[in-house]
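These are the residues of each chain, in order.
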Amino acid sequence: MAFYDFKVKKRKDQGELDLASLKGKVVLVVNTATGCGFTPQYEGLEKLYETYHDQGFEILDFPCNQFMGQAPGSDDKIHEFCTAKYKTQFDQLAKIKVNGEDEEPLYTFLKAAQPKDNQIIGSKFTAKLMKFLSKSTKKDSDIKWNFTKFLVNKEGEVVNRFSPDFTPEKIEDEIKALLK
């Protein structure tokens, strides 16, 4: 399987998004939550989207309630929160699971392609956070928390995986390079 072979469920009754429709684009895939300490990253994600969307950049936002129930509510309630508070315009898809038996198949693929997070070098917070979060996962490749990000190039290759505290702004240079 390749990135473009997947179809993912859109919010509510909007059908599926065929990832083949994203061929030739740079894509950032992120599992999100509306009640998390990292939720303000929506602001940075939206800024990236506004800056680079016209150049072929897309964001796929997958709400996930697996981490301490920090994405409560329906897909529509989550969408309303994000568009009202952060003015998000990028694709927000159906709520999914990113680990375990019922995990979204796309996430199985992403984790196999990039099994470890790229962390902020020198961040004591990251080291402590990842050590703590690693205790709650079964496999090293499991998603540790909300706002883990995967960067996919124009050819559909998963080129990087970023830890939750790796802010969208710190990914911008990689996005710019991939868009060239």
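Residues numbered from 1 in each chain as written. Predicted model: local features only at pLDDT ≥ 70, side-chain atom pairs only at ≥ 80, totals over all residues. Heavy atoms only, no water.

1. Details of the nonpolar core
Keep this limit in mind: Residues belong to one nonpolar core when they are buried, are Ala, Val, Leu, Ile, Met, Phe, Trp, Tyr or Cys, and are joined through side-chain atoms within 4.5 Å. Using a 1.4 Å probe on the protein chains alone, a residue whose accessible area is under 20% of its type maximum counts as buried, one over 50% counts as exposed, and one in between counts as partly exposed. Helix and strand definitions follow DSSP, with helices as H or I runs of at least four residues and strands as E runs of at least two, each counted in order from the N terminus.
Counting 50 residues, the largest nonpolar core has Phe3 and Leu60 as its most contacted members. Those elements giving two or more residues to this core turn out to be strand S3 (26–32), helix H1 (41–52), strand S4 (57–63), helix H2 (75–86), helix H3 (105–113), strand S6 (149–152), strand S7 (158–162) and helix H5 (172–179).

2. A closer look at the environment of Val29
Cut-off, in case you're wondering: Contact definition: two residues touch when any of their heavy atoms are within 4.5 Å.
Along the chain, Val29 falls in strand S3. We classify Val29 as buried; its relative accessible area is 0%. Along the primary structure Val29 and Tyr107 are separated by 78 residues, whereas in three dimensions their C-alpha atoms are 9.4 Å apart. Look past the residues within four positions of Val29 in its chain and what remains in contact with it is Phe3, Leu60, Phe62, Tyr107, Leu110, Thr148, Lys149 and Phe150.

3. Here's the deal with the packing of aromatic side chains
Note the following rule: Two rings from Phe, Tyr or Trp (for Trp, the six-membered ring) form a pair when their centres sit within 6.5 Å of each other. Planes less than 30 degrees apart are called stacked, planes more than 60 degrees apart edge-to-face, and all others tilted.
For the coordinates displayed, the defined rule picks out 11 aromatic pairs. Seen from their ring centres, Tyr42 and Phe147 are 5.6 Å apart, and the 85° between their planes marks the pair as edge-to-face. With Tyr42 in helix H1 and Phe147 in the loop between helix H4 (124–134) and S6, the pair connects residues that are 105 residues apart, well separated along the chain. The exposure class of Phe147 is buried, given its relative accessible area of 0%. Seen from their ring centres, Phe81 and Tyr86 are 6.1 Å apart, and the 70° between their planes marks the pair as edge-to-face.

4. Some words on the pairing of S6
For a regular strand, the rule is simple: side chains alternate between the two faces of the sheet. For clarity, the threshold we go by: In this analysis, strands are considered paired if DSSP registers two or more bridges between them.
Burial along S6 is two-sided: the residues Lys149 and Leu151 and Phe150 and Val152 are all buried. In the sheet, S3 pairs with S6 via 4 bridges, with the strands oriented antiparallel. Bridge pairing in S6 places Leu28 opposite Leu151. Sheet analysis places S6 next to S7, joined by 4 bridges and oriented antiparallel.

5. Examining the sheet that holds S7
Quick reminder of the rule: Helix axes are fitted to C-alpha atoms over the stretch in contact, other axes to C-alpha atoms as well, and angles between N-to-C directions run from 0 to 180 degrees.
Pairing within the open sheet is mixed, and its 5 strands lie in the order S5-S4-S3-S6-S7. Pairing within the sheet leaves two strands with one partner each, and these edge strands are strand S5 (91–92) and S7. Along the sheet, H1 makes contact with S3, S4, S5 and S6, crossing S4 at roughly 150°.

6. As for H3
Within H3, the full set of buried residues consists of Leu106, Tyr107, Phe109, Leu110 and Lys111. Elements that come into contact with the buried residues of H3 comprise strand S1 (7–9), S3, S4, S6 and S7.

7. Observations concerning the pattern of salt bridges
Side-chain pairs of opposite charge can arise whenever the charged atoms involved come near each other. Applicable threshold: Salt bridges are identified by distance alone: a Lys or Arg side-chain nitrogen within 4 Å of an Asp or Glu carboxyl oxygen.
Applying the stated criterion across every chain yields a total of 7 salt bridges. Note that Glu58 and Lys25 form a salt bridge whose closest N and O atoms lie 3.3 Å from each other. With a gap of 33 residues between them, Glu58 in strand S4 and Lys25 in the loop between strand S2 (16–18) and S3 connect regions that are remote in the sequence. Judged by its relative accessible area of 27%, Lys25 falls in the partly exposed class. One salt bridge in this structure joins Asp142 and Lys111, with 3.5 Å as the shortest N-O distance. Taken together, the residues span a long stretch of sequence, with Asp142 in the loop between H4 and S6 and Lys111 in helix H3 at a distance of 31 residues. Across the pair, exposure class does not vary: Asp142 and Lys111 are buried alike. Through salt bridges that share partners, Arg11, Lys12 and Asp76 make up one connected network.

Structural measurements only, silent on function.
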